[in-house]
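Each chain, letter by letter, is given below.
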Amino acid sequence: PQDAIDVQLIKDAVSNGITHIDTAEVYGDNHTEELVGQALEGIQRNLVFLASKAQKGHHTKHLLTKSLDNSLKRLKTNYLDLYYLHRYTPETPLKETAAALNVALKQGKIRNVGVCNFSASHVNELQNYLDAPIFANQVHYNLAFREPELSGLISHAEEKGYFIIAW
């Protein structure tokens, strides 16, 4: 019963003008993507800007490709408007991660690359290896938590031309 309610809430949100849905493979241990996929069935795909995230630890070329394909399957779509790296993963070289993202961009599985909680230096490093500009950095930012301003991340985003999206 709760799944049906959740699916209907998403459908209602879209029919009332919500156009951006942000999810991740870790949300609800994959189940949230499944619910979003069910809710978007029968809705024109181009009416929704759909974003999801590869969890930390899934940033190797093999695991990122597998995570993306699994997300696409759960979301019942053949592309994402925005695919984020959920957190910086120091164990995986950004060059390797970028290689997988570049393939996904070329294949049309993703239209834009995003990052979450990346420092300016990590954004710069990843950008050096990407074939497309970084679209967004989703960070902890609100009226009480101003660290992105204090650290210079907001200025960096303005200078480099990517969005800051608050979580």
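Going by the structure above, here's the rest.
The structure presented is a predicted model; accordingly, all values stated were derived computationally and were not measured. (Residues numbered from 1 in each chain as written. Predicted model: local features only at pLDDT ≥ 70, side-chain atom pairs only at ≥ 80, totals over all residues. Heavy atoms only, no water.)

**Some points on the side chain of T92**
Definition in use: Numbered from the N terminus, helices here are DSSP runs of H or I no shorter than four residues, and strands are runs of E no shorter than two. Only protein chains enter the accessibility calculation, which uses a 1.4 Å probe. A residue is then buried if its area is under 20% of the maximum for its type, exposed if over 50%, and partly exposed in between. Between two residues, a contact is recorded if the distance between any of their heavy atoms is within 4.5 Å.
Within the secondary structure layout, T92 lies in the loop between β3 (82–85) and α4 (94–107). Assessed through its relative accessible area of 6%, T92 is described here as buried. When neighbours within four sequence positions are excluded, T92 is seen to be in contact with H59, T60 and T97.

**Re the environment of N30**
Put simply, the rule reads: Any pair of N or O atoms that falls within 3.5 Å is considered a polar contact. Within protein, one atom must be able to donate a hydrogen and the other to accept it, and sequence-neighbouring residues count only if both atoms are side-chain atoms.
Positionally, N30 belongs in the loop between β1 (20–22) and α2 (31–40). In this structure N30 comes out as partly exposed when scored by relative accessible area, which is 25%. As a C-alpha pair, N30 and L75 span 45 residues in sequence and 9.9 Å in three-dimensional space. Once residues lying within four places of it in the same chain are set aside, the contact partners of N30 are E25 and R74. At 3.4 Å, the side chain of N30 and the side chain of R74 are in polar contact.

**Overview of empty space enclosed by the protein**
Using the following cut-off: For cavity detection a 1 Å grid was placed over the protein atoms alone, and a set of points counts as a cavity when a 1.4 Å probe fits there but cannot get out; an open set counts as a pocket when protein lies on both sides within 12 Å along at least five of seven lines, with lining residues being those that have an atom within 4 Å of a point. Grid points are joined across faces, edges and corners, and a volume is the space filled by probe spheres set on the points. All residues other than Ala, Val, Leu, Ile, Met, Phe, Trp, Tyr, Cys, Pro, Asp, Glu, Lys and Arg, Gly among them, are scored as polar; the first ten of these are nonpolar and the last four charged.
Tallied over the entire structure, the rule returns 1 cavity of 30 Å³ or more. In this structure, the largest cavity encloses a volume near 50 Å³. Surrounding the largest cavity, L64, T65, L68, D69, A100, V103, A104, Q107 and K109 form its lining. Counting residues per element, the ones that place at least two in the lining of the largest cavity are α3 (61–75) and α4. Split by residue class, the lining of the largest cavity holds 5 nonpolar, 2 polar and 2 charged.

Interpretation note: all reported values are geometric properties and have no functional meaning in isolation.
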